[in-house]
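Structural overview
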Amino acid sequence: MKLLHHIGAYFIMLRLVFIKPTKAKVMQKLIFQDVQDLIIGSLGIVGFLSFFVGGVVSIQTALNIESPLIPKNLVGFATRQSVILEFAPTFMCIILAGKVGSFITSSIGTMRVTEQIDALEVMGINSVNYLVFPKIVSMILLPLVINISMFLGILGGYAATLYGGFSSSADFIEGIQMDFEPFHVAYAFIKTLLFAMVLATIPSYHGYFMKGGALEVGKAATVAFVWTSVVIIVLNYFVTQLLLA
Amino acid sequence: MIELRDIRKSFDGVEVLKGISMTFEPGKTNLIIGQSGSGKTVLLKCLLGLHQPDGGTMLFNNRAFGEMDDDEQRTLRREMGMVFQGSALFDSMTVLENVMFPMQMLTKQSETAIRKAAEEVIERVNLVESNHKLPAELSGGMQKRVAIARAIVMKPKYLFCDEPNSGLDPKTAIVIDNLVREITQENNITTVINSHDMNSVMEIGDTILFLKNGVKAWKGSKELIFKTDNKAICDFVYSSNLMKKVKEMYQ
């Protein structure tokens with residue numbers, strides 16, 4: 001029953017996001033601020049993780065190829081497929097659920113605790129639109145981050161393969177070009193956009209409706225991370241089934 | 001003027017407000033006092049529209065809040081200013097930006113006009129030198145003054161303050177109390193202050209509503225509070241040794 005209550009309240013909140021909009025000039029400023037905090041602020045960690053995880057994927061693949069019958073270009077192929085299909089869109093979004101999600105929950109939760117949200121409501125401002133809408137808009141840029149993650153993941157794989165001596169440069173490049181399906185990239189971006197919506201709204205919900213003090217802000221951020229990850233994983237399953245199966 | 005008629009509010013079956021009736025007049029500082037849990041904050045939140053009363057009528061200049069549509073309620077809210085207990089200033093904005101914020105959001109005035117209006121009220125609360133500071137760089141008393149400036153920048157007809165001097169030293173508390181009273185009188189605002197501070201009561205209590213367990217237990221003014229023999233208010237007022245001494249001296 002409690003879960004149903006939360007699901008209902010979440011969708012009511014989503015409806016409120018799109019009614020009684022904030023003035024365009026103010027909203028523009030808020031969107032730029034959120035792009036800075038949520039998107040540009042995530043590029044460093046995304047780039048770092050993608051490069052090294054891409055490297056690990058290629059090393060693991062190379063080390064597990066023992067048969068001489070398997071071509072060496074499989075390292076590049078496996079790295080590309082792993083990074084584009086799963087690592088960049090799904091696991092990077094789960095990592096971002098920790099970084100971006102906890103930032104959103106704690107910033108909105110702190111505003112709740114310190115009565116700043118009440119202050120907005122008393123002024124006659126739609127606080128849900130003011131706080132959540134700019135986050136949704138800025139998270140539309142998430143595919144850009146995932147694109148960078150894909151590029152750096154494959155680059156990391158290439159560097160690890162080359163400098164580890166697991167495969168030649170030509171083999172790796174041949175592998176990443178082999179049987180390339182452009183729809184796989186489209187599939188990755190479609191699910192990234194869905195995850196972006198989840199990343200912007202579930203942490204906002206937990207921050208907006210939190211009760212209590214500073215300790216509860218921390219708890220809300222943890223709960224938001226757990227639920228965001230769960231929803232991303234479940235959505236990933238259904239989207240994959242729908243688009244690739 | 002605000003008129004309350006038989007206001008009732010319950011949470012999870014517990015009746016917090018049990019039929020409060022009261023009139024708050026303009027140009028006066030109207031205090032709601034009472035112990036913690038007496039229903040002061042709930043009543044204030046009902047007045048602000050943050051809680052919907054279960055029963056009764058709230059009249060703002062003879063306009064019933066419950067009968068207003070969304071647009072009318074929004075218009076009414078723009079006539080309200082609120083000073084929150086913790087000031088509720090926006091952390092990421094400077095003092096000037098905090099004060100300009102309601103006008104930027106709710107009016108179509110030019111940026112220059114908004115800045116001018118904000119600077120005037122900041123000057124009124126004596127914070128000109130702190131214009132470009134963030135709330136975190138201000139003392140508690142200064143934060144309260146910014147909150148007052150933000151509350152009055154839209155020239156409200158109604159001003160609500162939730163324990164405006166909690167956490168302040170007695171001297172700063174008096175400065176805040178007097179500032180609220182002066183602004184109320186200058187602009188003929190209907191001001192409602194939630195407090196349990198007896199210093200405030202004695203300083204600015206033009207009209208006092210005493211709540212006990214969600215019921216109006218006494219109504220009067222600072223002049224009458226020492227003369228009454230109402231047991232509920234006497235227990236509250238003379239709960240401290242200081243007030244007991246004051247009473248002895250007064251008698």
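Scope of this entry: the structure provided in the associated data block. Note that this is a predicted model, so its numbers are computed, not measured. (Residues numbered from 1 in each chain as written. Chains lettered and ligands numbered in written order. Predicted model: local features only at pLDDT ≥ 70, side-chain atom pairs only at ≥ 80, totals over all residues. Heavy atoms only, no water.)

1. As for the layout of surface pockets
In this approach the atoms are scanned with a rolling probe the size of a water molecule, which exposes any empty space left behind. Heads up, the rule is: In the cavity and pocket records, a cavity denotes points on a 1 Å grid over the protein atoms alone where a 1.4 Å probe fits but cannot get out, a pocket denotes an open set with protein on both sides within 12 Å along at least 5 of 7 lines, and lining residues are residues with an atom within 4 Å of a point. Grid points are joined across faces, edges and corners, and a volume is the space filled by probe spheres set on the points. As a working rule, the residues Ala, Val, Leu, Ile, Met, Phe, Trp, Tyr, Cys and Pro are called nonpolar, Asp, Glu, Lys and Arg charged, and the rest polar, with Gly in that last group. In DSSP terms, a helix is any run of H or I states spanning at least four residues, a strand is any run of E spanning at least two, and both are numbered starting from the N terminus.
What the largest pocket holds in volume is close to 1,300 Å³. Along the walls of the largest pocket sit 35 residues, with A:R112, A:E121, A:Y208, A:F209 and B:L50 positioned nearest its centre. Of the residues belonging to the lining of the largest pocket, the class tally is 15 nonpolar, ten polar and ten charged. In this structure, the second largest pocket encloses a volume near 970 Å³. Forming the boundary of the second largest pocket are 35 residues, of which A:L30, A:Q33, A:Y130, B:S92 and B:M93 lie nearest the centre. Secondary-structure elements contributing two or more residues to the lining of the second largest pocket are α2 (24-39), α4 (74-113) and α6 (127-139) of chain A together with α3 (95-106) and α4 (111-124) of chain B. Broken down by element, the residue count for the lining of the second largest pocket peaks at seven residues, all from α2(A). Considering only residue class, the lining of the second largest pocket consists of 15 nonpolar, ten polar and ten charged.

2. Let's talk about the environment of B:S240
Locating B:S240 in the fold gives a position in the loop between α8 (231-237) and α9 (241-250). Along the primary structure B:S240 and B:M198 are separated by 42 residues, whereas in three dimensions their C-alpha atoms are 9.9 Å apart.

3. Here's the deal with empty space enclosed by the protein
Summed over the entire model, instances satisfying the criterion amount to two cavities of 30 Å³ or more. Reported here for the largest cavity is a volume of approximately 150 Å³. Surrounding the largest cavity, 14 residues form its lining, A:M123, B:M80, B:G81, B:M82 and B:R150 being those nearest its centre. Take the lining of the largest cavity: its biggest share by element is three residues, from strand β6 (residues 80-83) of chain B. Residue composition of the lining of the largest cavity, grouped by class: ten nonpolar, one polar and three charged. Lining the second largest cavity are A:E115, B:T41, B:L44, B:K45, B:L48, B:M82, B:F84 and B:D162. Take the lining of the second largest cavity: its biggest share by element is four residues, from helix α1 (residues 40-48) of chain B. Tallied by class, the residues present in the lining of the second largest cavity amount to four nonpolar, one polar and three charged.

4. So, the sheet that holds strand β5 (residues 63-64) of chain B
Residue and element names in this part refer to chain B. Applied cut-off: Two strands make a pair as long as DSSP finds a minimum of two bridges between them.
Here four strands make up an open sheet; going across it, the order is β2-β1-β4-β5 and the pairing antiparallel. Each edge of the sheet is formed by a strand with only one pairing partner; in this case those strands are β2 (14-24) and β5. Relative to β5, strand β4 (residues 55-60) is paired through two bridges, and the arrangement is antiparallel. In the strand pairing of β5, F60 is matched with R63.

5. Considerations on the pattern of salt bridges
Rules: Every case where a carboxyl oxygen of Asp or Glu lies within 4 Å of a side-chain nitrogen of Lys or Arg is listed as a salt bridge. Think of it in three bands: with a 1.4 Å probe and only protein chains considered, a residue is buried below 20% of the maximum accessible area for its type, exposed above 50%, and partly exposed in between.
For the structure on display, the rule yields 17 salt bridges over all chains. The closest approach of N and O atoms between A:K25 and B:E111, which form a salt bridge, is 3.9 Å. Taken together, the residues A:K25 in helix α2 and B:E111 in helix α4 connect one chain to another. Judged by its relative accessible area of 38%, B:E111 is partly exposed. Across the salt bridge formed by A:R112 and A:D118, the nearest N and O atoms sit 3.4 Å from each other. Salt bridges here are not isolated pairs; linked through shared partners, they connect B:D6, B:R8 and B:E15.

6. A look at the packing of aromatic side chains
All names here are of chain A. Rule in force here: Only centres within 6.5 Å qualify two rings of Phe, Tyr or Trp (six-membered ring in Trp) as a pair; their planes then separate them into stacked at under 30 degrees, edge-to-face at over 60, and tilted for everything else.
Evaluated as defined, the whole model comprises 14 aromatic pairs over all chains. Considering the side-chain rings of Y10 and F11, the 5.2 Å spacing of their centres and the 75° angle between planes classify their relative orientation as edge-to-face. Summarising the aromatic geometry, the rings of F48 and F52 are spaced 5.1 Å apart at their centres and angled 55° between planes, so their arrangement reads as tilted. Taken together, the positions of F48 and F52, both in helix α3 (residues 43-63) and four residues apart, correspond to about one turn of that helix. What makes F52 partly exposed here is its relative accessible area of 49%. Among the aromatic residues, those joined into a ring-pair cluster are Y10, F11, Y205, Y208 and F209.

7. Some thoughts on helix α5 (residues 140-152) of chain B
How we decide: How far a helix is expected to stretch is found by multiplying one less than its residue total by 1.5 Å. The criterion used for residue contact is that any of the two residues' heavy atoms lie within 4.5 Å.
Between the first and last C-alpha of α5(B) there are 19 Å, a value that for 13 residues agrees with the 18 Å anticipated at 1.5 Å per step. Of all 13 residues that make up α5(B), eleven are buried, and the element is covered over most of its length. All buried positions along α5(B) are accounted for by B:G141, B:M142, B:K144, B:R145, B:V146, B:A147, B:I148, B:A149, B:R150, B:A151 and B:I152. Looking at the buried side of α5(B), the elements it contacts are α5 (116-122) of chain A together with β6, α3, α4, β7 (158-162) and α6 (170-187) of chain B.

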